[in-house]
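# Observations on the model geometry
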Amino acid sequence: MMNKLLTKTTKKLTLLCLVMVVIVALATVFTAIFGVNTATRMNDQTTVTVKMSAFYYRDETKREAVEKVCENAFKDLDVKYVYESQMSGDDCELMYVFDKDANVETAKEALKTAFAAKNQDGTLVYDGAFITVESAKETVQTVIAPATIVRTAVAVVAFAVLAFVYTWIRRGLWNAITTAAGIAATAIMTVALILLVRIPVTATVLYACVVAPLFAAVFAILGVNNLVADESADSVEEKIVNAVAVKETLATVAVLGGALVLVGAIATWAVRWFALCSLIGLLVSAAVVLFVVPALQLPLLDKQAKLAAERNKSGYVGAKKANEEIAD
Amino acid sequence: MGKKKSVVLMTLLTIVIAVLCFITAFPSFVIPGTAKKWNPAVKQYDLSTDLGGGYYVYYYPEGVIPASEHESDLAALTEAVASAEAGEEQEEAQNELDEYTNAYAQVAGSNLWFSTDDALNIVVAERDEEGNIVSATITPNFQTVFDNAVQAITSRYQAKAYSDYRVAVVDGYAIRVELPRSENTEKASAVLTSFAKTGAFSLQKNGEVIDELKDSDASASDLIKKMSVKTMNMGRVAYLEIQFTKAGKEMLDGIKDSLALSTDAQNSNGSTVVTLDIMNGEEKIASIYKDNIMHNNTVRILPVDGINKDYVQTFEILMESMLADGEFDITFELGAVRTFAPLYSENVLTLLYIALGVAILAMLVLPIVKMGRFGGVSAYATLSYLIVTALCFAFITGGVFEVSLGTVLIFLAGLALVNVMQYHIYRAIKAEFNAGKTVESSVKGGYKKTLWTVVDVYVLAALVAFELLIGAAGVYTFALQAIICVVTAAFINLLWARFINFTYLSASKNKYKYFRFVREDDEDDE
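Throughout what follows, the structure given in this document is the object of discussion. Since the model is a prediction, treat every value here as computed from it, not as a measurement. (Residues numbered from 1 in each chain as written. Chains lettered and ligands numbered in written order. Predicted model: local features only at pLDDT ≥ 70, side-chain atom pairs only at ≥ 80, totals over all residues. Heavy atoms only, no water.)

### A few points about the overall build of chain B
Secondary structure summary: chain B contains 16 helices and 19 strands in total. Computed over the C-alpha atoms, the radius of gyration of chain B is 33 Å, more than 25% above the 24 Å expected from 2.2 N^0.38 for a compact globule of 526 residues. Dimensions of chain B, computed from the C-alpha atoms along their principal axes, are close to 115 × 65 × 50 Å. Buried positions account for 51% of the 526 residues belonging to chain B. The long-range fraction of contacts in chain B, counting pairs at least 24 apart against all pairs at least 6 apart in sequence, stands at 68%. Surface exposure of chain B reaches about 24,600 Å², of which carbon and sulfur atoms provide 54%. Between the mean site of the 42 positive side-chain charges and the mean site of the 63 negative ones, chain B shows a separation of 26 Å. (Helix = DSSP H or I, 4+ residues; strand = E, 2+ residues; numbered from the N terminus. Rg over C-alpha atoms; globule rule 2.2 N^0.38 Å. Buried < 20%, exposed > 50% of the residue type's maximum accessible area, 1.4 Å probe, protein only. Contact = heavy atoms within 4.5 Å. Areas by Shrake-Rupley, 256 points an atom, 1.4 Å probe, with all protein chains shown as cover. Lys, Arg positive; Asp, Glu negative; His and termini not counted. Charge placed at Lys NZ, Arg CZ, Asp CG, Glu CD.)

### Section: the packing of aromatic side chains
Aromatic rings considered in pairs are described by the distance between their centres and by the relative angle of their planes. Within this structure, the stated rule accounts for 30 aromatic pairs over all chains. Plain terms: the ring middles of A:F115 and A:Y126 are 5.3 Å apart, the flat faces sit at 80 degrees to each other, and that makes the pair edge-to-face. Residue A:F115 is located in helix α5 (residues 105-115), and its partner A:Y126 is located in the loop between α5 and β4 (132-140); the two are separated by 11 residues in the primary sequence. The burial state of A:F115 is the same as that of A:Y126; both residues are buried. Arranged with centres 5.9 Å apart and planes meeting at 50 degrees, the rings of B:F146 and B:Y173 form a pair that is tilted. One end of the pair, B:F146, is in helix α5 (residues 140-160); the other, B:Y173, is in the loop between β9 (166-170) and β10 (174-180), with 27 residues separating them in the sequence. The residues B:F146 and B:Y173 share a single accessibility class, namely buried. (Phe/Tyr/Trp six-rings, centres within 6.5 Å; stacked < 30°, edge-to-face > 60°.)

### A short note on empty space enclosed by the protein
All names here are of chain A. For the coordinates displayed, the defined rule picks out seven cavities of 30 Å³ or more. Counted as a void, the largest cavity has a volume near 60 Å³. If you go around the largest cavity, the residues you meet are F219, A220, G223, V224, A243, V244, V289, V293, P294 and Q297. Of the residues in the lining of the largest cavity, the class split is eight nonpolar, two polar and no charged. (1 Å grid on protein atoms, 1.4 Å probe; cavity = no way out; pocket = protein on both sides within 12 Å on 5 of 7 lines; lining within 4 Å. Points joined across faces, edges and corners; volume = space filled by probe spheres on them. Nonpolar A, V, L, I, M, F, W, Y, C, P; charged D, E, K, R; others polar.)

### Remarks on the environment of B:L417
By the element assignment, B:L417 lies in helix α12 (residues 405-434). Under the relative-accessibility criterion, B:L417 is labelled buried at 6%. For the pair B:L417 and B:V454, spaced 37 residues apart in sequence, the C-alpha separation works out to 9.8 Å. Ignoring sequence-local partners within four residues, the contact set of B:L417 consists of A:V218, B:V457, B:Y458, B:A461 and B:N493.

### Section: the state of the cysteines
In total, this model carries zero disulfides over all chains according to the counting rule given. The thiol of B:C392 is unpaired, and the distance to the nearest cysteine sulfur, on B:C485, comes to 8.9 Å. (Disulfide = S-S within 2.5 Å.)

### What to know about a negative patch on the surface
Residues and elements named next belong to chain B. On the surface, E85, E88, E89, E91, E92, E96, D98 and E99 cluster together to form a negatively charged patch. Along the chain, E88 turns up in helix α4 (residues 88-103). Looking at E88, the relative accessible area reads 66%, which means it is exposed. (Patch = residues over 30% accessible without salt bridge, like charges linked within 9 Å, V, L, I, M, F, W, Y side chains within 5 Å. Salt bridge = Lys/Arg side-chain N within 4 Å of Asp/Glu carboxyl O.)

### Regarding the nonpolar core
Residue and element names in this part refer to chain B. The biggest cluster of nonpolar side chains holds 102 residues, and the ones touching the most others in it are F374, Y458 and F515. Considering each element in turn, this core owes the most residues, 18 residues, to α12. Aside from chain neighbours lying at most four places away, what touches F515 is M371, F374, Y426, I429, V439, V443, N501 and L505. Membership of the second largest hydrophobic core comes to 48 residues, among which are I122, A136, F142 and A188. (Core = buried A, V, L, I, M, F, W, Y, C linked by side-chain atoms within 4.5 Å.)

### Regarding the pattern of salt bridges
Applying the stated rule across the entire model yields 20 salt bridges over all chains. The salt bridge involving B:R166 is made with A:E138; its shortest N-O contact spans 2.7 Å. Here A:E138 lies in strand β4 and B:R166 lies in strand β9, a pairing that spans two chains. Across this residue pair, the class does not change: B:R166 and A:E138 are buried. Note that A:R170 is salt-bridged to B:D456, the shortest N-O span being 2.8 Å.

### With respect to the packing of helix α8 (residues 203-229) of chain A against helix α10 (residues 246-266) of chain A
Residue and element names in this part refer to chain A. Look at α8 against α10: their axes get within 10 Å of each other, and the N-to-C directions meet at 150 degrees. The angle between the axes of α8 and α10 places the two elements in the roughly antiparallel class. Two secondary-structure elements touch here, α8 through F215, F219 and L222 and α10 through E248, T249, T252 and L256. Residues belonging to the contact of α8 with α10 are distributed by class as follows: four nonpolar, two polar and one charged. (Axes fitted to C-alpha atoms, helices over the stretch in contact; angles between N-to-C directions. Parallel < 35°, antiparallel > 145°, perpendicular 65-115°, else oblique.)

### A few points about the layout of surface pockets
Each pocket or cavity is described by its volume, and for the second largest pocket that value is around 910 Å³. If you go around the second largest pocket, you meet 31 residues; those closest to its centre are A:N226, B:H424, B:R427, B:A428 and B:A431. For the lining of the second largest pocket, the elements supplying multiple residues, two or more each, are α8, α9 (236-243) and α10 of chain A together with α12 and α13 (439-467) of chain B. A class-by-class count of the residues in the lining of the second largest pocket yields 13 nonpolar, eight polar and 10 charged.

### Focus: unusual backbone geometry
Residue and element names in this part refer to chain B. Although it is not a glycine, D171 sits at a positive phi angle of roughly 50 degrees. Tracing the backbone through its elements, the reader meets D171 in the loop between β9 and β10. With a phi close to 60 degrees, N206 is a non-glycine residue in the positive phi region. Structurally, N206 is set in the loop between β11 (201-205) and β12 (208-209).

### Considerations on the environment of B:E333
All names here are of chain B. With respect to the secondary-structure elements, E333 resides in strand β18 (residues 332-334). Residue class for E333 comes out partly exposed when judged on its relative accessible area of 44%. Along the chain, E333 and A174 lie 159 residues apart, while their C-alpha atoms are 9.9 Å from each other. When neighbours within four sequence positions are excluded, E333 is seen to be in contact with Y58, Y59, Y60 and E62.

### Re the interface of chain B and chain A
Tallying the contact residues gives 76 residues for chain B and 75 residues for chain A. Across the chain B to chain A interface the summed buried area is about 6,700 Å²; carbon plus sulfur atoms make up 68%. Connecting chain B to chain A are six salt bridges. A salt bridge links B:R176 to A:E138; the shortest N-O distance between them is 2.6 Å. Joining chain B to chain A, the criterion identifies 20 residue pairs in polar contact (both at pLDDT 80 or more). (Buried area = accessible area lost by both parts, 1.4 Å probe. Polar contact = N/O pair within 3.5 Å; in protein donor to acceptor, adjacent residues only side chain to side chain.)

### Quick word on helix α7 (residues 246-255) of chain B
All names here are of chain B. When α7 is considered as a whole, its buried residues turn out to be G248, M251, L252 and I255. All buried residues of α7 lie within an arc of 95 degrees about the axis, which places them on one face of the element. In α7, the exposed positions angled more than 90 degrees off the buried face are occupied by K246, E250 and G254. Residues of α7 that are buried sit in contact with β11, β14 (237-244), β15 (276-280) and β17 (298-301). (Arc of directions from axis to C-beta.)

### Observations concerning a nonpolar patch on the surface
On the surface, a cluster of nonpolar side chains totalling about 820 Å² of accessible area is made up of A:L15, A:L18, A:V19, A:V22, A:L26, A:V29, A:F30, A:I33 and A:F34. Along the chain, the position of A:L26 falls in helix α2 (residues 13-34).

### Examining the pairing of strand β8 (residues 133-138) of chain B
Residue and element names in this part refer to chain B. Two elements, strand β7 (residues 123-127) and β8, share five bridges in a ladder whose sense is antiparallel. Paired with E126 across the two strands is S135, which belongs to β8. Counted along the chain from β7 to the antiparallel partner β8, the turn is five residues long, and its residue G131 has a positive phi close to 90 degrees. (Pairing = 2+ DSSP bridges.)

### Overview of the sheet that holds β14(B)
Residue and element names in this part refer to chain B. Strand order in the open sheet formed by three strands is β13-β14-β17, with antiparallel pairing between adjacent strands. Two strands bound the open sheet, and with one partner strand each, they are β13 (224-232) and β17. In this sheet, neighbouring strand axes are inclined to one another by 25 degrees on average, regardless of whether the strands run parallel or antiparallel. Sheet topology note: the β14/β17 ladder contains four bridges and is antiparallel. The residue of β17 that forms the bridge with Q243 is T298. In this fold α7 packs onto β14 and β17, with an angle of close to 110 degrees to the strand it touches most, β14. The strands that helix α9 (residues 309-325) touches are β13, β14 and β17; relative to β13, the one it contacts most, it runs at about 175 degrees.

Without other data, these values stay purely geometric and don't point to any function.
This is the structure we're talking about:
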């Protein structure tokens, strides 16, 4: 079944290129209009900090009582995450983080009132906690440093070039072109899809953008080696279709994809975005190697076969072989 | 290899792998009969912020205080008024309260409180007839100085190349900095304190600025050409090497004979020794002794904070920043350094380990189901990969080597490669067998035919890993981890798994069943 599908898609290079161009164009337009979606931690924020004495914080029951009051006060607000912080000293704090435009003043005043509440005998309900509440607006100064992104991009380009050179030495020019093209297409498509899907961009996204071309290169070289070893195919097209490392590619997607889905399903939001990002990279690399690379190989290998046929027609066999024939 | 030898070897192999798995990943427990706790290798990891939490601290400019501090001070002074005895004492307490009330003002858009002291020139306060503050605005000078200082401090943290850090301006006029937990508290405090320094760079001898820097047009960059961090004593001691310009060398020539030796400083018993001091404002951050000045007038400096490479790198970044940015007319006071738990969930690491555990279990079982006892070889390969990479991540500590989500990805990628290559080899052996060869010939032929493919795969994987070394911050650390994973996976596929397969196959009674091979004529016989 897979071979039938590959036989069809191998002839559709123009269509596949068009699909990729459309995706990249859409991603560019989306990013231009909406900007890059950065992780909450890398955005401007509003915070509400509840500071209390260390002895109160470290007592689980007392701390839970304070956390309950806070949860109640923030029930109409969207808490992004909480810093639970300690110091080796007098006070510890809970810092609740909201979007930069969140209006926290009402909640802040409610907390102040709640923590200032007194018992009937006049003692404080939260006696000994010395709780203070304050809010702040934070303007972040750091996102992923441009130098980090540029260097990563340069590393991927350098890898594509070195992979091209290595494959050229090992398996010839045409195979080197398809391998390098596969790596480039994977890298570009992974970045485009991440931007299109609006995954929050963090440093972990860079890792996915780097591992995807690695897999593309691995699957591509498996296919190239199969191609070179195949001496039984009747036509170039059949040779290319048979050479695609379908089982290895699908096995990797199944194994690694399954692991990433599990990681994303079990762990928390921070990890889910990372798992999704990595899964996108893996699926893109598989798709490029299964469909785009064979489609690119067909015209190139056709051209190679034509050139070889023309050489044979002219009778020129090369100096070494000519000398051997003369010797015979 | 004989069957007996193979069985003995198999048993030994299994025991060794089991013991190493225990060392790597067995959960912590208190050792019976002692107060000590057993921790597996995976507990030794330095973790990124997402997985291990981190540190944060506030930088408040002098004269700026948070609302909570103002509130506490005000409450204390009000309490003092209420509890004071009527008369002079109460009047005094009231005066203190009034003084404090007028000493700080708030500006629109900020919850911070700003000193109204004219000497600090932070705010311009509008007062009513009774002298009470009505409103206040930040002075343009303070705004400019603060903005410039924020830029310089942010650049320092960028230069430190943490994989994960955060610098934010709080309420317009304070700074909050976050660092990952991979730094220990002492190192984190050293970095947070160093990078808050905003004084001018100067060189002083005997407490006096050297002549070359007395001129208002003079700049330290005229004297210093280049700085770099170097190590000696097999990397145990780090120092900053400074190369001076021609003018700087002339300056050193002029004073080096008058400087004390570092040994003099140790024997001085508190009396003053003459040194060339590097100052950040009024604070000495390093001293140059006569024996620190090398023959070509380069200088080796051991900073005050410490001789560990990390400290010296921090010192280098500070020095570069001081030379490039100059002085800022602002001083930052640090709040307490706080540690915070992993964001999103305290249990994120535990959940991640559970997910990885399930994934690894699947990778142990599936090959056995698919490939028979050859799948058992893959299972051993998986465990070997897990052991080697986990131990390397735990005990290789060159520089910042924190374990992050990227580490999880490259670990899984290497694990997938190991198993997929094993599957590729199995398919090649099966193809040889289906072509009519014996099991032994098929194994030989299958390995021979796949050798260069496996080499090609790992050469490309290694190229990616080495290329990433040009990346900065977390990408560089990721590259180091990728190299470990790729080299380990290559070793396992090319050598280790072959050896295990050879040993197991020698001990196997039924080589057909070993690979789950069935020949057509065997089926016909049945």
